[in-house]
Amino acid sequence: MTSPDWNGAIERARMHAPFLAKAMENQPQLTAILASGDGKRALEAAKGAGDGIEDVGVALRREKQALALALAIGDLAGAFPLLTVTGELSDFADRALDRAIADAIRRRAPDSQPAGFLALALGKHGAGELNFSSDIDPILLYDPETLPRRERDDPGEAAQRVARTLVETMAKVTDEGYVFRVDLRLRPASEVSPLAISIDAAMTHYESSALAWERAAFIRARACAGDIAAGEAFLAAIRPFIWRRSLDFGAIAEIGRLTAQIRSNYKGERDVGPGFDLKRGRGGIREVEFYAQTHQLIHGGRHPEIRLKGTRATLDALAQAQLISQDDANVLGEAYDRLRTIEHRLQMVADQQTHSLPADPAALDAIARLDGLPDSAALVDELAAITGRVGERYDALVEASPGSAPADKPAFPVESDALSGKLAELGFSDPEAFAERIAGWRSGKLRALRSDAARTAFEAIQPDLLIAFANSPGPERALGRWEQLLANLPSAINLFHLLEARPALLELLARVLSLAPPLADELARRADLLDPLIDASAFELPGDVDSLVRDFSRPEPDDEYEDILDRVRRKVGELRFALGVQLIEGSTDPLAVSAALARIAEAAIVVLADAAIAEFEKTHGRIAGSELVILGLGRMGGGALTHASDLDLVFLFTGSHDAESDGRRPLGATLYFNRLSQRVTAALSVPTAEGALYEVDTRLRPSGEQGPPAGSFESFERYQNEQAWTWEHMALTRARPLYGSDEARAALQGIVTEVLTGTRDAGKLRADVLEMRATMAEHKPPKGPLDAKLARGGLVDLEFLVHYLQLREGKGLTHDLGEAVRALAAEGLLPDSLIAAHDVMTSLLVAARLLAPDAQIPPPAARAVLAKACGCGDWEMVLPNLEAARSDVANAWSEAFGEILEVTS
């Protein structure tokens with residue numbers, strides 16, 4: 001990094017920037033400090049230029065002139081990076097507005113303390129990125145209850161007086177210059193509304209009638225002056241307007257049209273050279289900003305980490321979240337910095353808000369030399385390369401934006417008779433009946449299609465939608481389930497816009513509807529489950545439990561307990577749906593999906609237990625030396641869930657029964673943890689506005705349903721050693737501590753291991769296992785030919801066999817059934833063939849929960865998908881592979897128990 005060249009900067013400013021030359025002439029002391037190379041002292045001196053001046057307008061103008069000089073020379077010298085320059089200018093705008101508001105209030109109410117009036121910074125000011133000669137675009141709000149005023153003044157008129165006075169203080173050009181040009185046209189309904197708007201009126205506007213561009217403008221909004229607390233409260237209240245949880249492709253389509261319109265309306269020079277506009281031209285400053293903001297509009301509701309105001313910081317955050325490539329973030333960020341720097345050079349010349357390269361060759365050459373380049377040719381060449389790289393990326397964004405350009409759509413008739421002909425061409429089996437149903441949707445039968453806007457949005461996707469259904473594995477089923485989905489949704493307009501914006505989702509939607517009834521049912525409840533599928537990351541397996549916990553725990557401002565419950569349900573639902581899509585697409589091994597489902601559930605348990613405990617402690621406090629510990633059993637303990645699995649949990653606690661909590665409503669330890677365990681169970685299971693989460697089964701706790709909801713470690717250990725049945729120890733072979741401190745989980749695992757490795761009567765163990773399995777087979781027969789779990793020789797028999805050997809031998813003691821089979825096979829206690837048998841049947845179980853949830857043979861289209869999920873070349877291999885796996889289990893059963901296991905087809 002080169003050292004700052006202060007004297008070179010001063011010399012270039014004198015030669016090529018008349019405004020700076022005059023400023024140095026008027027401020028010799030500041031110029032001397034700059035010449036000495038002390039940038040920090042120069043900034044301090046500039047900020048104090050208005051000290052001691054009673055007239056606020058004069059004081060601010062003096063500070064502005066000094067600050068402009070100091071920042072310009074520091075910028076030219078290479079001492080102040082871009083963010084320092086823009087940040088200092090933005091900070092000064094905040095200070096100036098704050099002083100102007102206070103001064104305006106006191107002029108009308110001299111003895112008052114300023115309150116009830118505020119400014120929201122938008123645009124570059126809100127982002128902290130003001131340029132050298134920016135205007136500012138605040139929105140002025142007031143609270144009629146707290147704004148100081150004369151007794152006879154109406155609050156609204158008092159607010160307008162404050163607004164007019166502060167605008168005059170800031171923008172009027174005097175002998176001292178001006179502070180900032182002020183543009184108030186971003187306020188609601190600016191053509192008819194007063195300069196300052198009451199907070200309540202603004203709230204009503206943004207909640208009910210704001211336009212898409214206003215939402216985009218508020219991405220960078222912040223409370224900057226006046227009653228900051230009231231401004232922050234206002235922004236918090238309208239946060240749902242700015243950051244939509246569901247992808248609002250209607251608004252995004254509007255932004256797409258706007259961005260395309262900006263390009264088409266640009267009348268300046270198209271190629272970089274004299275007259276080219278660095279802000280509005282192709283590949284210019286605005287395109288980088290719109291690129292970042294459009295991605296924020298799309299993803300910001302779901303990714304709080306990208307809700308930043310600065311353009312460069314936003315690009316980096318988008319890349320970190322894998323929403324854009326790191327290369328795009330680097331190229332656009334570096335381009336933005338350089339374009340903004342050259343923009344500053346243009347404005348330093350005469351303190352004019354210009355963004356265009358001079359048309360005069362000599363003036364353009366002066367800009368280049370002011371920047372330190374040899375001539376204008378070097379500047380033009382550099383800018384051409386930069387804008388070309390930006391333009392390419394923005395072109396791709398515009399082309400991908402819905403509504404940016406009219407698309408050629410196949411003509412589809414609306415009337416039933418004509419539509420049936422089209423459906424016949426597409427191959428629908430009963431085109432007349434389906435045409436009549438489709439035509440009937442517009443008659444008001446479906447609530448989601450009653451508005452003109454909804455029907456228009458639907459008509460935009462209908463041709464592609466019906467083609468996708470026709471090409472799906474089950475066209476009639478897809479169309480029928482689509483109709484059911486629409487019938488269940490109060491509004492579907494956003495879904496229509498999403499499908500228009502991302503046509504590739506139509507084919508995926510058709511496959512989901514035609515192949516997987518459980519996923520179709522979930523979509524009928526929550527159409528926004530499609531939203532995450534626009535990200536490529538939706539087709540990757542989720543990370544480890546810790547990363548999922550971080551994701552689920554990512555707080556929103558002002559989160560309440562209920563918000564946490566909703567957020568976890570939303571995120572879990574999205575991940576489970578995406579994993580289901582991966583299954584039906586055949587892109588992910590069912591065993592990997594099963595393990596991922598368990599990780600998701602474990603993360604949800606951690607986050608919701610934390611939240612429930614924190615909420616519980618507000619009333620009942622804590623018990624010193626005690627904590628809640630959650631033990632997972634069954635498929636949850638084994639770390640291998642399906643989409644239909646419930647959670648088998650046991651709640652335990654450390655410490656003494658005799659302790660008492662320290663809250664305002666203290667409880668004894670047993671009652672404390674019993675109630676707390678019920679609170680955690682509710683957090684995991686009770687439906688909220690976002691729907692249900694999991695079914696929680698606590699019947700495997702000591703003494704089952706007759707036992708208390710939570711037990712101490714001591715009572716758990718005593719029960720397992722003295723009272724537990726054989727089946728309870730079998731269940732314990734899949735036990736896994738899921739929640740609690742590391743020390744507590746290790747202690748609980750120690751208890752479990754000690755119980756499992758204890759001595760036992762092998763003959764009684766055998767008899768108990770056989771009796772339990774016979775009873776279970778009698779009461780729970782297989783549901784159909786694809787029931788890989790309950791059919792004899794299926795997974796239940798494999799589990800009984802494995803647990804029997806684990807308890808008899810004290811070996812292979814791992815909660816993971818597949819790993820236990822491998823460990824026992826390595827010990828020579830099971831044949832190696834059971835490793836493959838386990839994987840075959842588990843894969844079938846996981847996939848069939850979606851594709852054949854009734855365990856019956858599915859329709860032909862689903863058969864092929866099921867075969868692929870199970871690693872079979874075609875459907876004809878599925879049942880034989882299942883039979884072979886069951887036979888392997890039956891043979892191992894006979895070897896272990898000396899009892900023939902009848903395996904029937």
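Predicted, not measured: the structure shown is a model, and the values here were computed from it.

1. Section: the overall build of the protein
Here is step 1: Assigned secondary structure in the protein consists of 39 helices and 11 strands.
Here is step 2: Along the three orthogonal principal directions, the C-alpha set of the protein runs to about 105 × 75 × 65 Å.
Here is step 3: Taken across its 905 residues, the protein has 55% of its residues classed as buried.
Here is step 4: In the protein, of all internal contacts separated by at least 6 residues, the share reaching a separation of at least 24 is 72%.
Here is step 5: Surface accessibility of the protein: about 37,400 Å² in total, with carbon and sulfur atoms responsible for 49%.
Here is step 6: When the 98 basic and 134 acidic side-chain charges of the protein are each reduced to a single mean position, those positions are 3 Å apart.

2. Here we look at the packing of helix α28 (residues 590–620) against helix α37 (residues 833–851)
Here is step 1: Orientation of α28 relative to α37, taken along the N-to-C sense of each, is 65°, at an axis distance of 8 Å. For the crossing formed where α28 meets α37, the hand is left-handed. Of α37, the residues touching α28 (which contributes Pro590, Leu591, Val593 and Ser594) are Asp839, Thr842, Ser843 and Val846.
Here is step 2: For the contact of α28 with α37, the residue count by class is four nonpolar, three polar and one charged.

3. Observations concerning the sheet that holds strand β5 (residues 196–198)
Across a sheet, paired strands are connected by hydrogen bonds in the backbone, their directions being either parallel or antiparallel.
Here is step 1: Here we have four strands laid out as an open sheet, ordered β5-β3-β1-β6, and mixed in their pairing. Only two strands of the sheet have a single partner each, and these edge strands are β5 and β6 (222–226). For this sheet the average axis-to-axis angle between neighbouring strands, irrespective of direction, equals 35°.
Here is step 2: The pairing of strand β3 (residues 139–142) with β5 spans three bridges and is parallel. Across the sheet, Leu141 pairs through a bridge with Ile197, a residue of β5.

4. As for the pattern of salt bridges
Here is step 1: In total, this model carries 49 salt bridges according to the counting rule given.
Here is step 2: Glu574 serves as the salt-bridge partner of Arg526, at 3.7 Å between the closest nitrogen and oxygen. Here Arg526 is found in the loop between α25 (517–525) and α26 (545–553), whereas its partner Glu574 is found in helix α27 (residues 561–585), with 48 residues between them in sequence.
Here is step 3: Overall, Arg526 belongs to the buried group, its relative accessible area being 12%.
Here is step 4: Ionic contacts of the salt-bridge type, sharing partners, join the residues Asp75, Arg338, Arg345, Asp371 and Glu382 into one network.

5. Observations concerning unusual backbone geometry
Trans is the prevailing form of peptide bonds, just as negative phi is the prevailing case for residues other than glycine.
Here is step 1: With a phi angle near 55°, Asp351 is a residue other than glycine that sits in the positive phi range.
Here is step 2: As for its placement among the helices and strands, Asp351 is situated in the loop between α16 (326–348) and α17 (361–371).
Here is step 3: Residue class for Asp351 comes out buried when judged on its relative accessible area of 14%.
Here is step 4: Even without being a glycine, Ala855 presents a positive backbone phi close to 65°.
Here is step 5: Along the chain, Ala855 turns up in the loop between α37 and α38 (860–869).

6. Focus: the packing of aromatic side chains
Ring pairs (aromatic) are described by centroid distance and by the angle formed between their planes.
Here is step 1: As enumerated under the stated definition, the model contains 16 aromatic pairs in all.
Here is step 2: On the basis of an interplanar angle of 80° and a centroid distance of 5.0 Å, the ring pair of Phe616 and Tyr672 is categorised as edge-to-face. Placement of the pair is Phe616 in helix α28 and Tyr672 in helix α30 (residues 669–685), with a sequence separation of 56 residues. Both residues of the pair, Phe616 and Tyr672, count as buried.

7. Overview of the state of the cysteines
Here is step 1: For the structure on display, the rule yields zero disulfides.
Here is step 2: Cys872 carries a free sulfur, and the closest cysteine sulfur to it, the one in Cys870, is 5.6 Å from it.

8. Quick look at the nonpolar core
Here is step 1: Phe469, Trp482 and Leu649 are the most contacted members of the largest nonpolar core, which has 168 residues in total.
Here is step 2: Among the elements that take part in this core, α28 stands out by supplying 17 residues, more than any other.
Here is step 3: Ignoring any residue separated from it by four or fewer positions in sequence, one finds Trp482 in contact with Trp441, Phe458, Leu465, Phe469, Leu495, Phe496, Leu499, Leu509 and Leu513.
Here is step 4: Counting 62 residues, the second largest nonpolar core, distinct from the first, contains Leu43, Ile73, Ala100 and Cys224.

9. Examining the confidence of the model for the protein
Here is step 1: Here the protein averages 90 in pLDDT, while 95% of its residues score no lower than 70.
Here is step 2: Low pLDDT, under 50, characterises residues 404–410; the predicted model gives this stretch 10 contacts beyond four residues in sequence or across chains.

10. Re the pairing of strand β8 (residues 647–653)
Here is step 1: Among the seven residues of β8, seven are classified as buried, and the element is accordingly described as predominantly covered.
Here is step 2: Because side chains alternate across β8, one face comprises the buried residues Leu647, Leu649, Phe651 and Phe653, and the other comprises Asp648, Val650 and Leu652, equally buried.
Here is step 3: Relative to β8, strand β7 (residues 628–633) is paired through six bridges, and the arrangement is antiparallel. Residue pairing in the sheet places Gly632 in a bridge with Leu649 of β8.
Here is step 4: Where β8 and strand β9 (residues 696–697) come together, two bridges link them in parallel fashion. Residue pairing across strands places Asp648 opposite Asp697, the latter belonging to β9.
Here is step 5: Handedness of the crossover joining β8 and β9 through α30 is recorded here as right-handed.
Here is step 6: Relative to strand β10 (residues 710–712), β8 runs parallel, the two sharing three bridges. Looking at β10, one finds that Phe651 is bridged to Ala710.

11. Considerations on the side chain of Thr588
Here is step 1: Among the structural elements, Thr588 can be located in the loop between α27 and α28.
Here is step 2: Side-chain polar atoms of Thr588 contact the side chain of Gln582, separated by 2.5 Å.
Here is step 3: Apart from residues no more than four positions distant in its own chain, Thr588 is found in contact with Leu541, Gln582, Leu583 and Val593.

12. Details of the environment of Ala210
Here is step 1: With respect to the helices, strands and loops of the structure, Ala210 is situated in the loop between α9 (199–208) and α10 (212–217).
Here is step 2: For the pair Ala210 and Pro188, spaced 22 residues apart in the sequence, the C-alpha separation amounts to 7.6 Å.
Here is step 3: For Ala210, the contacting residues outside a window of four places in its chain are His205 and Phe241.

Basis of the calculations
- Residues numbered from 1 in each chain as written.
- Predicted model: local features only at pLDDT ≥ 70, side-chain atom pairs only at ≥ 80, totals over all residues.
- Heavy atoms only, no water.
- Helix = DSSP H or I, 4+ residues; strand = E, 2+ residues; numbered from the N terminus.
- Buried < 20%, exposed > 50% of the residue type's maximum accessible area, 1.4 Å probe, protein only.
- Contact = heavy atoms within 4.5 Å.
- Areas by Shrake-Rupley, 256 points an atom, 1.4 Å probe, with all protein chains shown as cover.
- Lys, Arg positive; Asp, Glu negative; His and termini not counted.
- Charge placed at Lys NZ, Arg CZ, Asp CG, Glu CD.
- Axes fitted to C-alpha atoms, helices over the stretch in contact; angles between N-to-C directions.
- Left-handed = near helix turned anticlockwise from the far one by under 90°.
- Nonpolar A, V, L, I, M, F, W, Y, C, P; charged D, E, K, R; others polar.
- Pairing = 2+ DSSP bridges.
- Salt bridge = Lys/Arg side-chain N within 4 Å of Asp/Glu carboxyl O.
- Phe/Tyr/Trp six-rings, centres within 6.5 Å; stacked < 30°, edge-to-face > 60°.
- Disulfide = S-S within 2.5 Å.
- Core = buried A, V, L, I, M, F, W, Y, C linked by side-chain atoms within 4.5 Å.
- pLDDT = per-residue confidence, 0-100.
- Right-handed = clockwise from strand over helix to strand, strands pointing away.
- Polar contact = N/O pair within 3.5 Å; in protein donor to acceptor, adjacent residues only side chain to side chain.

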